[in-house]
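Spelled out, the chains give:
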Amino acid sequence: MNWEPWTGCYQISDGCTYCYFYGPHAKRCGQNTIQKTDKFDWPVRTNTKGEYNIKGNKILATCFATDFFLPEADEWRKDAWSMIKQRSDINFLILTKRIDRFPVSLPSDWGDGYDNVSIGCTVENQSLADYRLPLFLSYPIKRRFIACSPILESINLSAYLHGIEHVTVSGESGRDARECDYGWVLDIREQCVKANVTFWFKGTGTFFKRDGTVEKINPFKQGSIARELDISILNGKKLF
Ligand code: SF4
């Protein structure tokens, strides 16, 4: 289940080049105006009996079609944090390419983090890993994961895996997608094994290189082929 309190976004780093939502071939391409959606207060909306419309014990993927930490949303984010606090029975999963903006508009009672918030820091290459992950680890966040998505080169995460619960890797999708080399994926898996961190190979991307050959993979098969390779180590964890 997704909650998109606002819509619109724009490129911040290399992984955004062919963004699924706002890239050159996306339906929402050019939608750089950031605006609230009519679902802004959805997590706290109630029915006529005063019960929440969204029942508890759920994982709510938050801002997966925009970025929770966009500067244009700094004021709205204060209200979003307040709703997140109110719905302590829901786990809010936030994925961002703007982790350096995490401290902006953080609630005064945040302390060492809300229990019901998992934050995923996206890193698509080594230089972004080296910039974003030290910041990510320095912030008070109770549940952290890393998303190498889309993975664009070999990445060494070893120095940053302490305090990380989980790593997800996926290749880039789309007609202009850059290659995803299976060797990079296996290498990150090995780093996770050594650090005792769960690992999910979520999707191959469109151009998947394995055993020296690049295969073009239909978008509907990228997840199932990754699954068939059977390299994920989830230990019963359910992220989405
Ligand atoms: S931050 Fe995410 S949603 Fe925004 S342009 Fe980049 S990939 Fe797209």
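See the structure printed just above.
Here we summarise the structure given alongside this text. Because the structure is predicted, anything quoted here is derived from the model rather than measured.

### Concerning the overall build of the protein
And step 1. Across its full length, the protein carries four helices and twelve strands.
And step 2. Here the C-alpha atoms of the protein give a radius of gyration of 18 Å, agreeing with the 18 Å that 2.2 N^0.38 yields for 240 residues.
And step 3. Each principal axis of the C-alpha distribution contributes one length, and for the protein these read about 60 × 40 × 35 Å.
And step 4. In the protein, which comprises 240 residues, the share counted as buried stands at 46%.
And step 5. Across the protein, every contact between residues at least 6 apart in sequence was considered, and the portion connecting residues at least 24 apart equals 72%.
And step 6. Working note: accessible area of the protein is about 11600 Å², and carbon and sulfur atoms make up 49% of it.
And step 7. In the protein, which carries 31 positive and 29 negative side-chain charges, the distance between the mean positions of the two groups comes to 5 Å.

### Quick word on the site of the ligand
And step 1. Every residue lining the ligand is accounted for by Cys9, Tyr10, Cys16, Cys19, Tyr22, Thr66, Asp67, Lys97 and Arg98.
And step 2. Residue classes in the shell around the ligand are distributed as five nonpolar, one polar and three charged.

### Focus: the sheet that holds strand S10 (residues 198–203)
Strands in a sheet are paired, the pairing made by backbone hydrogen bonds, and the direction either parallel or antiparallel.
And step 1. Spatial strand order, S1-S4-S5-S6-S7-S8-S10: seven strands in an open sheet with parallel pairing. Whereas interior strands pair on both sides, the edge strands pair on one side only; in this sheet they are strand S1 (2–3) and S10.
And step 2. Most of the contacts of helix H2 (residues 126–138) go to strand S6 (residues 117–122), to which it runs at about 160°, and overall it touches S6 and strand S7 (143–148).
And step 3. The sheet strands contacting helix H3 (residues 182–195) are S7, strand S8 (166–170) and S10, and the helix crosses S10 at an angle near 160°.

Here is what the cut-offs are and how they apply
- Residues numbered from 1 in each chain as written.
- Predicted model: local features only at pLDDT ≥ 70, side-chain atom pairs only at ≥ 80, totals over all residues.
- Heavy atoms only, no water.
- Helix = DSSP H or I, 4+ residues; strand = E, 2+ residues; numbered from the N terminus.
- Rg over C-alpha atoms; globule rule 2.2 N^0.38 Å.
- Buried < 20%, exposed > 50% of the residue type's maximum accessible area, 1.4 Å probe, protein only.
- Contact = heavy atoms within 4.5 Å.
- Areas by Shrake-Rupley, 256 points an atom, 1.4 Å probe, with all protein chains shown as cover.
- Lys, Arg positive; Asp, Glu negative; His and termini not counted.
- Charge placed at Lys NZ, Arg CZ, Asp CG, Glu CD.
- Near = heavy atom within 4 Å.
- Nonpolar A, V, L, I, M, F, W, Y, C, P; charged D, E, K, R; others polar.
- Pairing = 2+ DSSP bridges.
- Axes fitted to C-alpha atoms, helices over the stretch in contact; angles between N-to-C directions.

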